[in-house]
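Okay, here's what each chain looks like letter by letter:
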Amino acid sequence: QVQLQESGPGLVKPSETLSLTCAVSGYSITNSYYWGWIRQPPGKGLEWIGNIYHSGSTYYNPSFKSRLTISVDTSKNQFSLKLSSVTAADTAVYYCARHRNGGSLSPFDPWGQGTLVTVSS
Amino acid sequence: DIQMTQSPSSLSASVGDRVTITCRASQSISGYLNWYQQKPGKAPKLLIYAASSLQSGVPSRFSGSGSGTDFTLTISSLQPEDFATYYCQQSYSIPCTFGQGTKLEIK
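Parameters and conventions
- The residue numbering used here restarts from 1 in each chain and proceeds along that chain's sequence as written.
- Whichever chain is written first becomes A and whichever ligand is written first becomes 1, with later ones labelled in order.
- With pLDDT at 70 or above as the cut-off, local features in this predicted model cover only qualifying residues; side-chain atom pairs require 80 or more to be listed or tallied, and sums for whole chains, interfaces and linings still use all residues.
- Only hydrogens and water are set aside when side-chain values are computed; all heavy atoms of the structure are taken into account.
- When a carboxyl oxygen of Asp or Glu is within 4 Å of a side-chain nitrogen of Lys or Arg, the pair counts as a salt bridge.
- Here the term buried applies to any residue with accessible area under 20% of the maximum for its type, exposed to any over 50%, and partly exposed to those in between, with areas from a 1.4 Å probe on protein chains only.
- Stacked, tilted and edge-to-face pairs are distinguished by plane angle, under 30 degrees for stacked and over 60 for edge-to-face with tilted covering the rest, among Phe, Tyr and Trp rings (Trp via its six-membered ring) whose centres lie within 6.5 Å.
- For helices the rule is a DSSP run of H or I covering at least 4 residues; for strands it is a run of E covering at least 2, with both sets numbered from the N terminus onward.
- Working definition of a nonpolar core: buried Ala, Val, Leu, Ile, Met, Phe, Trp, Tyr and Cys residues. They are joined through side-chain atoms within 4.5 Å.
- We call a pair of cysteine sulfur atoms a disulfide whenever their separation is within 2.5 Å.
- In this scheme, strands are said to pair when DSSP sees at least two bridges between them.

Enquirer: Looking at this model, I keep getting lost on the pattern of salt bridges. Mind explaining?
Expert: Where side chains of opposite charge bring their charged atoms close, a pairing between them can arise. What the rule picks out here adds up to 7 salt bridges over all chains. Notably, a salt bridge pairs B:K103 with B:E105, separated by 3.8 Å at the nearest N-O pair. Given a relative accessible area of 44%, B:K103 falls into the partly exposed group. Judged by its relative accessible area of 32%, B:E105 is partly exposed. Three or more residues are tied together by salt bridges with common partners; here these are A:R39, A:E47, A:R67 and A:D90.

Below, the structure written as structure tokens:
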């Protein structure tokens, strides 16, 4: 069964770049699916960040577009998130997830366990 | 962006109760509405997709309905493991957006 695991620094300084990777196991990322990132600030709701197809095609939330890069590494079966110029408002649990079927807007299932990233000096 | 509004924001209920949570979209999203359950410290779990389709492995006491702008999630008989926060999500247009969540607590 497909499993996703986020990894990356838990602490990032303001104005720096947040970098996370989502390792996929039990499934080849080159099969038909979009792979996405969602975040959740502590005690708050869910916010979609963006997604990517194995070809490299991406969709980004316009709220992040100028700061966001999502990329895929098919040789390592993983995809990554880079968010630049972070502020305290970017403090959140970051989840990676697979879209349930082939569409870029299909529901998210399954999800990774999430990783907390704190932006602080 | 399409705004998703859930009601109520919180709800107290007892084991065995029938519970309904409502989600309203700021514009028509046809049937592109999904429901998730999230327990503390855990990732969300997909319950219902396309407004009324039950995700594999999800108990049949969960059901969804609606189309256009108004949707409901119903739990027919609450079980102890159902106390959690529930989110709706529209998958009609980018950016996909979530409701603010409904926290279901034990009475």
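Enquirer: Explain the packing of aromatic side chains here, please?
Expert: Geometrically, a pair of aromatic rings is defined through the distance of the ring centres and the angle of the planes. Taken as a whole and judged by the stated rule, the model has 13 aromatic pairs over all chains. When the ring of B:F62 is compared with that of B:Y86, the centres are 6.4 Å apart and the planes differ by 40°; the resulting orientation is tilted. Highlighted residues: B:F62 in strand 7 (residues 62-67) and B:Y86 in strand 9 (residues 85-90), separated in sequence by 24 residues. When sorted by exposure, B:F62 lands in the same class as B:Y86, which is buried. What links up through ring pairs into an aromatic cluster is the set A:Y27, A:Y33, A:W35, A:W37 and A:F79.

Enquirer: Got a minute to help me understand the nonpolar core in this structure?
Expert: Core analysis: the biggest nonpolar cluster contains 26 residues, and A:L18, A:W35, A:W37, A:F79, A:L81 and A:Y94 have the highest contact counts within it. The set of elements that each furnish at least two residues to this core consists of strand 3 (18-25), strand 4 (34-40), strand 5 (47-53), strand 7 (68-73), strand 8 (78-83), strand 9 (92-99) and strand 11 (115-119) of chain A. Membership of the second largest hydrophobic core comes to 24 residues, among which are B:A25, B:L33, B:I48 and B:Y86.

Enquirer: I would appreciate a short explanation of the state of the cysteines in the present structure.
Expert: In a disulfide, the sulfur atoms of two cysteines are held together by a covalent bond. Within this structure, the stated rule accounts for 2 disulfides over all chains. A sulfur-sulfur distance of 2.1 Å marks the disulfide that ties A:C22 to A:C96. Residues A:C22 and A:C96 are joined through a disulfide that is right-handed, its torsion about the S-S bond being 65°. Here the residue A:C22 occupies a position in strand 3, and A:C96 occupies one in strand 9, the gap between them amounting to 74 residues. One disulfide in the model links B:C23 with B:C88; its S-S distance is 2.1 Å.

Enquirer: Sorry if this is basic, but what is going on with the pairing of strand 4 (residues 33-38) of chain B here?
Expert: Along any regular strand the residues' side chains alternate between the sheet's two faces. Residue and element names in this part refer to chain B. Along strand 4, 6 of the 6 residues are buried, which leaves the element largely enclosed by surrounding structure. Across 6 bridges, the pairing between strand 4 and strand 9 is antiparallel. Looking across to strand 9, one finds that Y36 is bridged to Y87. Here strand 4 pairs with strand 5 (residues 45-49) via 3 bridges, running antiparallel. Its bridge partner lying in strand 5, Y36 is registered against L46.

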